[in-house]
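In case you want the letters, here they are:
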Amino acid sequence: MLSTTYENVDETIYTEVLDNGLTVCLLPRQGLSKTYGIFTTAFGATDMTFVPIGQSKKTTVPLGVAHFLEHKMFDKGDHDAFADFSKLGSAANAYTNSTETAYLFSATEKVKENVELLLDFVQDPYFTEETVEKEKGIITQEAQMYADNPDQRLYMSTLEALFEHHPVRYEVLGTLESINNITKDDLYTCYHTFYHPSNMTLCIAGQMDVEEMMDFIRANQNEKEFAPADDIQRFTPEEPKAVYESKKTISMPVSTPKCMVGIKEYSETISEDELRNRTLLTSMMLSYFFGSSGPFYKELYDEGIIDFSFGAETLSEQDYGYSLLSSNAQDPEMFAQRVKSLLLSTKTYQLDEVSFERMKKRKIGSLLRGMNSIENVAENIIWHNNRGLDYFKLIPAIEALTLEEANNFLDSWIEEDRISIVTMLPEQD
């Protein structure tokens with residue numbers, strides 16, 4: 001077991017890669033009454049084409065299979081894993097995003113029992129044709145609920161406009177047709193390929209005896225047999241640099257028009273260091289220009305172009321990235337024009353040393369506040385670990401960023417052919 005102490009954030013993390021390939025991270029927080037456990041596989045909605053374990057030819061599975069698999073993992077035929085967590089007095093949940101599927105619990109007592117249950121139910125699949133067919137109705141209802149949500153519809157429409165081929169353009173749940181096409185065999189193929197311990201990470205954060213906990217996890221894993229670890233071959237279609245659609249209008253039963261401006265940050269594979277720096281710089285720039293105290297936000301708000309609903313977000317992964325700015329907008333055309341104009345103006349914007357140092361301090365403050373949450377810390381440890389990065393080294397990475405790097409980033413950040421504008425108008429009777 002490797003112990004690593006980070007003096008600047010007063011944290012010590014214990015890590016070990018077990019004999020079966022499972023990565024275990026333990027983060028003791030002795031002052032807390034709560035313990036959080038999260039067990040993830042690096043398998044998300046964009047992992048559609050791959051070579052199944054033990055085979056030589058690639059296959060493509062239906063959209064939404066990762067999310068479908070997440071649903072089915074709790075069903076054990078004669079019992080339900082959710083109910084088992086409830087009996088232990090803990091809260092359980094799960095989620096699927098583009099790159100990961102995660103199973104988690106939060107408990108104040110019987111921590112080892114919860115860890116054992118988490119490991120056992122995720123590592124014991126039970127799928128039958130009958131239960132898979134039954135689940136399709138439940139997931140279809142969930143998909144229809146998302147489709148009826150105006151903000152989710154605007155979000156997905158913007159991703160569809162930004163990306164032409166990359167599967168990030170599709171809803172994590174899949175389509176009604178793809179959900180209906182998922183079979184028991186699809187689930188088992190994905191499970192055996194992506195739920196191998198060598199593709200998974202377990203992180204426990206909170207009150208614990210580290211040695212006892214690691215011994216407990218080792219013993220649990222030693223009782224189980226897995227196929228030899230193998231590299232997973234994944235395939236993603238080539239994606240153009242420019243957006244698929246620069247402008248798009250949709251309609252829904254909303255009272256106020258909405259508009260979202262999307263930026264296709266990049267669509268090629270980037271290195272770990274570039275991913276880290278791009279993630280930091282993009283979020284810092286959006287916060288600086290479009291945060292509630294930023295110059296662009298004030299300008300737009302004073303002109304009545306945006307209201308309290310305005311927001312900006314960004315996501316960077318190893319082979320794609322995007323940023324989104326959206327708001328309710330009485331005049332969506334004016335909103336799109338002004339936001340696009342402000343974004344393009346950043347190309348010639350020159351940050352000064354004082355402003356950049358203030359940006360860095362704000363970002364470090366935000367990170368430190370986030371570290372108060374063990375849920376946030378555990379999830380970030382895994383996200384960064386899966387991408388070859390160290391979450392607790394983000395602060396030194398921010399401190400090392402230079403004004404020249406920031407201004408060079410601004411010079412290349414926005415290109416007109418990487419911007420999409422999606423407008424949502426009220427449906428007409």
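See the structure printed just above.
Every value quoted in this text rests on a predicted model; they were computed, and no experiment measured them.

Analysis parameters
- Residues numbered from 1 in each chain as written.
- Predicted model: local features only at pLDDT ≥ 70, side-chain atom pairs only at ≥ 80, totals over all residues.
- Heavy atoms only, no water.
- Helix = DSSP H or I, 4+ residues; strand = E, 2+ residues; numbered from the N terminus.
- Rg over C-alpha atoms; globule rule 2.2 N^0.38 Å.
- Buried < 20%, exposed > 50% of the residue type's maximum accessible area, 1.4 Å probe, protein only.
- Contact = heavy atoms within 4.5 Å.
- Areas by Shrake-Rupley, 256 points an atom, 1.4 Å probe, with all protein chains shown as cover.
- Core = buried A, V, L, I, M, F, W, Y, C linked by side-chain atoms within 4.5 Å.
- Pairing = 2+ DSSP bridges.
- Axes fitted to C-alpha atoms, helices over the stretch in contact; angles between N-to-C directions.
- Parallel < 35°, antiparallel > 145°, perpendicular 65-115°, else oblique.
- Nonpolar A, V, L, I, M, F, W, Y, C, P; charged D, E, K, R; others polar.
- 1 Å grid on protein atoms, 1.4 Å probe; cavity = no way out; pocket = protein on both sides within 12 Å on 5 of 7 lines; lining within 4 Å.
- Points joined across faces, edges and corners; volume = space filled by probe spheres on them.
- Phe/Tyr/Trp six-rings, centres within 6.5 Å; stacked < 30°, edge-to-face > 60°.
- Lys NZ or Arg CZ within 6 Å of the ring centre and 35° of its normal.

(A) The overall build of the protein chain, seen in detail. Along the protein chain, the regular secondary structure elements total 15 helices and 15 strands. For 429 residues, the compact-globule estimate of 2.2 N^0.38 gives 22 Å, and the C-alpha radius of gyration of the protein chain, at 23 Å, lies within 12% of that figure. Seen through its C-alpha atoms, the protein chain measures out along the principal axes to roughly 65 × 55 × 40 Å. Counting across all 429 residues of the protein chain, residues that qualify as buried make up 53%. Taking the contacts inside the protein chain whose residues are at least 6 apart along the sequence as the reference set, 80% of them involve residues at least 24 apart. Of the accessible surface of the protein chain, which amounts to about 19,800 Å², a share of 46% is contributed by carbon and sulfur atoms.

(B) Representation of the nonpolar core in the model. Met285, Phe290, Phe392 and Trp413 are the most contacted members of the largest nonpolar core, which has 61 residues in total. With eight residues, the single largest contributor to this core is helix α9 (residues 272–290). In contact with Phe290, not counting residues within four places along its chain, are Met285, Phe296, Tyr297, Leu300, Phe310, Leu325, Leu342 and Leu343.

(C) Just the environment of Asp411, in detail. Among the structural elements, Asp411 can be located in helix α15 (residues 403–413). When the C-alpha atoms of Asp411 and Gln350 are compared, they prove to be 9.0 Å apart, with 61 residues separating the residues in sequence.

(D) Seen up close, the sheet that holds strand β12 (residues 258–266). The sheet built from five strands is open, its strands ordered β11-β15-β12-β14-β13 with mixed pairing. The sheet is open, and its two edges are formed by β11 (247–252) and β13 (311–316), each paired on a single side. Strand-to-strand twist in this sheet, taken as the mean axis angle between neighbours without regard to direction, amounts to 15°.

(E) The arrangement of unusual backbone geometry in detail. You will see that Asp10, though not glycine, has its phi angle at about 55°, which is positive. Residue Asp10 is classed as exposed on the basis of its relative accessible area of 70%. Not every positive phi belongs to a glycine, and Lys110 is a case in point at roughly 50°. Among the secondary structure elements, Lys110 is positioned in the loop between β8 (101–107) and α3 (111–122).

(F) A look at helix α1 (residues 65–73). With nine of its nine residues buried, α1 lies for the most part within the structure. Taken together, the buried positions of α1 are occupied by Val65, Ala66, His67, Phe68, Leu69, Glu70, His71, Lys72 and Met73. Against the buried residues of α1 lie β7 (91–96), β8, α3, α4 (129–147), α6 (176–181) and α7 (184–194).

(G) Expanded view of the packing of α1 against α7. Packing of α1 against α7 brings their axes to within 10 Å, and their N-to-C directions diverge by 90°. Relative to α7, the element α1 lies roughly perpendicular. For the pair α1 and α7, contact is made by Val65, Phe68, Leu69, Lys72 and Met73 and by Asp186, Leu187, Cys190 and Tyr191, respectively. Among the residues forming the contact of α1 with α7, the class breakdown is seven nonpolar, no polar and two charged.

(H) Structural detail: the sheet that holds β8. Within the open sheet, the seven strands sit side by side as β1-β2-β3-β9-β4-β8-β7. Their pairing is mixed. Edge strands, defined here as strands with exactly one partner in the open sheet, are β1 (2–6) and β7. The sheet shows a mean angle of 15° between the axes of neighbouring strands, taken without regard to direction. Summarising the sheet, β1 and strand β2 (residues 11–17) pair through five bridges and their orientation is antiparallel. By the bridge assignment for β2, Thr4 is matched with Ile13. In the packing of α3 onto the sheet, the strands contacted are β4 (35–41), β8 and β9 (200–206), and the crossing angle to β8 comes to about 160°. Each of β2, β3 (23–28), β4, β7, β8 and β9 touches helix α13 (residues 374–386); the most contacted strand, β4, lies at about 25° to it.

(I) Region of interest: empty space enclosed by the protein. What the rule picks out here adds up to one cavity of 30 Å³ or more. The computed volume of the largest cavity comes to approximately 30 Å³. Lining the largest cavity, in full, are Ala45, Leu63, Gly64, Pro167, Tyr170, Glu171 and Val172. When grouped by side-chain class, the residues that make up the lining of the largest cavity number five nonpolar, one polar and one charged.

(J) Just the layout of surface pockets, in detail. The computed volume of the second largest pocket comes to approximately 500 Å³. Residue lining of the second largest pocket: 22 residues in total, with Ala42, Asp47, Thr99, Arg234 and Gln318 positioned closest to the centre. Of all the secondary-structure elements, those providing two or more residues to the lining of the second largest pocket are β9 and β10 (234–235). In the lining of the second largest pocket, the residues fall into five nonpolar, 11 polar and six charged.

(K) Molecular detail of the packing of aromatic side chains. On inspection of all chains with the given rule, the structure shows 27 aromatic pairs. With a centroid separation of 6.2 Å and 40° between ring planes, the pair formed by Phe290 and Phe310 is classed as tilted. Remark: Phe310 occurs in the loop between α10 (295–302) and β13 and Phe290 occurs in helix α9; sequence separation between them is 20 residues. Each member of the pair, Phe290 together with Phe310, is buried. An aromatic cluster of three or more residues is present, and its members are Tyr288, Phe289, Phe290, Phe296, Tyr297, Tyr301, Phe310, Phe335 and Tyr349. In this structure, Lys58 is placed above the aromatic ring of Phe235, and the distance from its NZ or CZ to the ring centre is 4.7 Å.

Nothing here speaks to function; it is geometry throughout.
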